[in-house]
Amino acid sequence: MKCELCFGELDAETLRCPSCGAKYTPVCVNCGRALAPGETLCPACGGEGLPGLDMTRQGLTEAGIKCFMPYAGDRVYDIYFGGNHDGGGWEFHNLRGYVREPPQPRVVLPALVEGRPIYGIWNEFFCVGDEFVPEKQEAAFARMMQIREIVVSNGVREAFTYAFFNCAGLETLELPRSMVSMKYDFYDLFMDGEEVMGNGVKKTPVTIRYRGTEEDWRRVAVTSRFQDYVAMGCIKMEYLGR
Ligand SMILES: [Zn+2]
Ligand SMILES: [Zn+2]
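All of these numbers come straight from a predicted model, not from anything done at the bench.

## Quick word on the overall build of the chain
Okay, so step 1: Along the backbone of the chain there are five helices and 16 strands.
Okay, so step 2: The C-alpha atoms of the chain give 18 Å as radius of gyration, which agrees with the globular expectation for 242 residues (18 Å, within 12%).
Okay, so step 3: Summarising its shape, the C-alpha atoms of the chain cover approximately 55 × 40 × 30 Å along the three principal directions.
Okay, so step 4: Buried positions account for 40% of the 242 residues belonging to the chain.
Okay, so step 5: In the chain, the proportion of contacts linking residues at least 24 apart, taken out of those at least 6 apart, comes to 60%.

Following this line, the structure appears as structure tokens:
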């Protein structure tokens, strides 16, 4: 497998990228559990383990990516993209998760933070609060226009309703086979197939590069509106296979 950050070939033994030093940890594509080094099948469900990008908190901070890591005592609950790193006070809502300025054209979302699997992409990852209001959307579109490609690493399971809201420049979204639910439906970008960008230009189609087969994708929960956009050609599905 190639490194999601720099396209270097991963060392199959250590799951490290010799080019950029990125670390990968196998994650079960069925249940999202992090596997031990060398484990290729999940001991809990028998699912296949695929390398998920495993970043440090420091690495995430440098990439401008925040995670919500709620904990109580020694227990860590499901981790989401969005919010803040320190979830002891449960501060979560109205905190943007992607804070890199300017936004990078290619955003890679890891599947683990320091060995702990990240469950999903929360609503306020790219946009928060006012940016959901139609009158403020144009400014949000302008800010997000720079993001062309989003890559979600192996292990992430869910994208919530507003996960990629206002990502007006998005051309490619790469999703892992571990996805079970894609609730974001692109309505903010395509509406009824009309011009919504405020500049007389229709949003170009978004290609979803799915790391699985068409049959695998049928098991992913999507909205009927998502399916309508596929039918209208707004969303182009590309199946990379297993
Ligand atoms: Zn690399
Ligand atoms: Zn499993």
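## A word on the sheet that holds strand β14 (residues 206-210)
Okay, so step 1: In space, the five strands of this open sheet follow the order β7-β10-β12-β14-β16, with parallel pairing throughout. Every other strand in the sheet has two partners, leaving β7 (106-109) and β16 (235-239) as the edge strands with one partner each. Adjacent strand axes in the sheet meet at a mean angle of 15° when their direction is disregarded.
Okay, so step 2: Where strand β12 (residues 172-175) and β14 come together, four bridges link them in parallel fashion. Across the sheet, residue L175 finds its bridge partner in β14, namely Y210.

## A look at the environment of G97
Okay, so step 1: With respect to the helices and strands, the residue G97 is situated in the loop between β6 (79-81) and β7.
Okay, so step 2: G97 sits in the buried class, given 26 other C-beta atoms within 10 Å.
Okay, so step 3: For the pair formed by G97 and E62, sequence separation is 35 residues and the distance between their alpha carbons is 13 Å.
Okay, so step 4: With near-sequence residues (within four places) excluded, G97 lies in contact with I65, K66, F81, G82, G83, W122, E124 and F125.

Parameters at a glance
Residues numbered from 1 in each chain as written. Chains lettered and ligands numbered in written order. Predicted model: local features only at pLDDT ≥ 70, side-chain atom pairs only at ≥ 80, totals over all residues. Helix = DSSP H or I, 4+ residues; strand = E, 2+ residues; numbered from the N terminus. Rg over C-alpha atoms; globule rule 2.2 N^0.38 Å. Buried ≥ 20, exposed ≤ 12 C-beta atoms within 10 Å, placed from the backbone. Contact = placed C-beta atoms within 7 Å. Pairing = 2+ DSSP bridges. Axes fitted to C-alpha atoms, helices over the stretch in contact; angles between N-to-C directions.

Such coordinate-based values are descriptive only and should not be taken to indicate function.
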